[in-house]
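Here is how the chains run, residue by residue.
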Amino acid sequence: MTTTASAIREGVTTASLERAWEIGTPMTPVGFYPRSGPLPAVVAVHGQTGPWDAPGQTRRLELSGGGRLVETLVTVARPALFVYELTDFRGPLRSLVERGRAEWWYEPLDRQDEEGSGTRICWQYSFDAKPGRGLLVRAVVRLLWGPYMTKVLGGVTAEIDRVAASSDQAPTA
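Residues numbered from 1 in each chain as written. Predicted model: local features only at pLDDT ≥ 70, side-chain atom pairs only at ≥ 80, totals over all residues. Heavy atoms only, no water.

### With respect to the layout of surface pockets
Empty space among the atoms becomes visible once a probe the size of a water molecule is rolled across them.
So, point 1. Here the largest pocket is characterised by a volume of approximately 620 Å³.
So, point 2. Surrounding the largest pocket, 40 residues form its lining, Leu93, Tyr125, Phe127, Trp145 and Tyr148 being those nearest its centre.
So, point 3. Of all the secondary structure elements, the ones that give two or more residues to the lining of the largest pocket are strand 3 (58–63), strand 4 (68–77), strand 5 (81–90), strand 6 (97–110), strand 7 (117–129) and helix 2 (134–168).
So, point 4. With seven residues, the single largest contributor to the lining of the largest pocket is helix 2.
So, point 5. By residue class, the composition of the lining of the largest pocket is 32 nonpolar, five polar and three charged. (1 Å grid on protein atoms, 1.4 Å probe; cavity = no way out; pocket = protein on both sides within 12 Å on 5 of 7 lines; lining within 4 Å. Points joined across faces, edges and corners; volume = space filled by probe spheres on them. Helix = DSSP H or I, 4+ residues; strand = E, 2+ residues; numbered from the N terminus. Nonpolar A, V, L, I, M, F, W, Y, C, P; charged D, E, K, R; others polar.)

Printed below as a string of structure tokens:
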């Protein structure tokens, strides 16, 4: 029996649904996934097979401390959902995790009492633990990965807001 440990987080951006998707979906994880305690940083992306917009595309993430993993897009439903699986773990995660899955949902956020609207981004990460590692993986996800996701998603939504605001600025003459 496989033990799966999951965490989910939400963030809000002022960008429209389409704009949040255009900016957020293809973002590189480098710079947004820093080292945090025992969790490694994403330091490089190698071998990306496309613009990160179609099922089957892959990329290899290099992690601080010598680890790495492969991400494979499995679902892309513009502008609402993209899902990728994580496999081929190297480094410390190799002894704990068989595979992972990340799901990102984008949904419009209508603000009835304010001008404009924005987008809610929901992010869920699930890890399938190796046999005998379920309790440890659950603890890591609850105590470390969930709070880490909050930090990462805050940076991602801030970057979406920054890029959307700068591209919305009309050039001055």
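### Quick word on the side chain of Glu103
So, point 1. For Glu103, the position within the fold is in strand 6.
So, point 2. On the accessibility criterion, Glu103 (19% relative accessible area) is buried.
So, point 3. A distance of 3.0 Å separates the side chain of Glu103 from the side chain of Arg101, its partner in a polar contact. (Buried < 20%, exposed > 50% of the residue type's maximum accessible area, 1.4 Å probe, protein only. Polar contact = N/O pair within 3.5 Å; in protein donor to acceptor, adjacent residues only side chain to side chain.)

From the geometry alone we can't say anything about function, so treat these as descriptive.
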